[in-house]
Amino acid sequence: MEGMIRFSHGDTTFIQPHEFEHLEPEMARVHNLIHLRQGPGHEYAGWVDLPLNYDRRELINIIEAGEDIKDLAEVFIVIGVGGSYLGARSALELLQHSFYNHLPAERRQGPEIYFAGFNMSPSYLRHLLELIGERDFAINIISKSGTTLEPALSFRIFHRLLEKRYGKKGAKKRIIVTTDRSRGALKKLANEEGYTTFSIPDDIGGRYSVLTAVGLLPITVGGIDIGEVMRGAEAGHGHFGRPELAKNPSYQYAAARNILYLKGKIIELLATYDPAFLHFAEWWKQLFGESEGKDGKGIFPASVSFTRDLHSLGQLVQDGYRNLFTTTLWVEEPVVDQEIKKTGEDMDGLNYLAGRTFHFVNDRAHRGTMTAHASGGVPTLKISLPRLTPFYYGQMVYFFEKACAASAYLLGVNPFNQPGVETYKENMFTLLKEPIEN
């Protein structure tokens, strides 16, 4: 039987039961802001009911486009920045083989998948072009406007290479555009050239767009069942659509963050125990950082990968300045496990673990770490995921999207704009247009 993502906040040392009770009326108000589209930025709240009302025909078209890419390409390049690539990359890393791109082609049953357009590094771009070499490739350019600097410049490179290698007609079959439904430079080009095109909904911003064609096309090319992803998101809509704080784990997480923030805990460390969560943590950081960080407010979202970072940042977390809290994202049942065998010499003194598994050790590590941090004055939240499957990935994405919107409204900020991002862009383009001095 399929379960639900659970939330807990440890003992009552840092959060008292009455603090949740005091937030119940406020959370009911926030629930209405989200679901009745009454809050600031409500015109970008299309993600709220997306798991119920998404276009089933488009999902089939996305799957068919993914199959075409598999037939055409040995390498697939996803071009995008921020929310245009982080969601898809997180799903691919979480749900694929850890070394997917290095597997033999017959085991992958799809192209190698790489990402471009999220940095301005010439060496990264050159090395990616060298990696493609003479192999057949296809691209998916993802940009609402088509003029965002990083993906636009990368697209110029790959677009030119495709037309040079395959001609305009051949390149047309290898370019998929995900952009605005009706306007923008990229939409205009796609119409003129006849590229296969998918739309970014007008009412969903980039960081909330994982469950649209933005994320779903690259995910399906990676052999992941996007129907299951959407089914999980639909289950999340039911679980996390309840207005009552006591019945909604997503709102409980948002409330706990708000309570701790008001006590001076201004940094949140998302702690994961599997390196496959690297880019999910990056997506999470953008989701919360860009949604909450405005008007002089916001919890700074950071991430750690344990147990690795216990050997580097563990000291600071345990004994450093007490302005942070940790949120452990834990998977209860691993996809695979590895048994520990007994050795004759027992040189490392670990034979007492013989017959146990790596997941067992990881579990004890996460429990011990949470207990240690709590004893050191660090509040510890925990989000538990039953298993790491496409279904639970979809549910997890919806959990965090809902929690983020609720948390931002509790802070009194608009969850869906990003005025600070526009400021840096304006400054950057001003500098780029300045004449170069001899």
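Computed from a predicted structure; not experimentally measured.

## Quick look at the overall build of the chain
The helix and strand inventory of the chain stands at 16 helices and 10 strands. The globule rule puts the C-alpha radius of gyration for 438 residues at 22 Å, and the 23 Å found for the chain is close to it. Along the three orthogonal principal directions, the C-alpha set of the chain runs to about 65 × 65 × 60 Å. By the burial criterion, 50% of the 438 residues in the chain qualify as buried. Here the chain has roughly 20500 Å² of accessible surface; of this, 53% comes from carbon and sulfur atoms. Taken as two groups, the 47 positive and 53 negative side-chain charges of the chain have centres that lie 2 Å from each other.

## Description of the pairing of strand S2 (residues 75-79)
Within S2, 5 of the 5 residues are buried, leaving the element largely enclosed by the surrounding structure. Taking every second residue as pointing to the same face, both faces of S2 are buried, with Val75, Ile77 and Ile79 on one and Phe76 and Val78 on the other. When S2 meets strand S3 (residues 112-116), the two strands line up parallel, connected through 5 bridges. Note that in S3 the partner of Ile77 across the bridge is Tyr114. The pairing of S2 with strand S4 (residues 137-142) spans 5 bridges and is parallel. Note that in S4 the partner of Phe76 across the bridge is Ala138.

## Digging into the pairing of strand S8 (residues 300-305)
Relative to S8, strand S7 (residues 267-272) runs parallel, the two sharing 6 bridges. Looking at S8, one finds that Leu270 is bridged to Ser303. In this fold, the crossover linking S7 to S8 by way of helix H12 (residues 278-292) has right-handed handedness.

## Considering the pattern of salt bridges
Under the defined criterion, the tally for this structure stands at 23 salt bridges. A salt bridge links Arg29 to Glu26; its shortest N-O distance comes to 2.6 Å. Separated by 3 residues within a single helix, Arg29 and Glu26 lie in helix H1 (residues 17-35), roughly one turn from each other. Across the pair Arg135 and Glu112 runs a salt bridge, and its minimum N-O distance is 2.8 Å. Of this pair, Arg135 sits in the loop between helix H6 (122-132) and S4 while Glu112 is found in strand S3, placing the two residues 23 residues apart along the sequence. Take Arg135: its relative accessible area is 23%, and that puts it in the partly exposed class.

## Observations concerning helix H14 (residues 358-375)
Under the 1.5 Å per step criterion, the end-to-end length of H14 is 26 Å for 18 residues, consistent within 8% with the ideal 26 Å. For H14, every residue scored as buried is listed here: His359, Asp363, His366, Thr369, Met370 and His373. The buried residues of H14 occupy an angular sector of 130° when the element is viewed end-on, so they sit on one face. Opposite the packed face of H14, turned more than 90 degrees from it, sit the exposed residues Thr371 and Ser375. In this structure, the buried side of H14 is in contact with helix H13 (314-319), strand S9 (324-333) and strand S10 (380-387). Count one or two residues on from H14 and you reach Gly377, which has phi positive near 90°.

## Comments concerning the sheet that holds strand S1 (residues 6-8)
Read across the open sheet, the 5 strands follow the order S1-S10-S9-S7-S8; overall the sheet is mixed. Because the sheet does not close on itself, it has two edges, and the strands there are S1 and S8. Between one strand and the next, the sheet's axes are offset by a mean angle of 20°, whatever the strand orientation. Across the sheet, H12 is in contact with S7, S8 and S9; its angle to S8 comes to roughly 170°.

Analysis parameters
- Residues numbered from 1 in each chain as written.
- Predicted model: local features only at pLDDT ≥ 70, side-chain atom pairs only at ≥ 80, totals over all residues.
- Heavy atoms only, no water.
- Helix = DSSP H or I, 4+ residues; strand = E, 2+ residues; numbered from the N terminus.
- Rg over C-alpha atoms; globule rule 2.2 N^0.38 Å.
- Buried < 20%, exposed > 50% of the residue type's maximum accessible area, 1.4 Å probe, protein only.
- Areas by Shrake-Rupley, 256 points an atom, 1.4 Å probe, with all protein chains shown as cover.
- Lys, Arg positive; Asp, Glu negative; His and termini not counted.
- Charge placed at Lys NZ, Arg CZ, Asp CG, Glu CD.
- Pairing = 2+ DSSP bridges.
- Right-handed = clockwise from strand over helix to strand, strands pointing away.
- Salt bridge = Lys/Arg side-chain N within 4 Å of Asp/Glu carboxyl O.
- Expected span 1.5 Å × (residues − 1).
- Arc of directions from axis to C-beta.
- Contact = heavy atoms within 4.5 Å.
- Axes fitted to C-alpha atoms, helices over the stretch in contact; angles between N-to-C directions.

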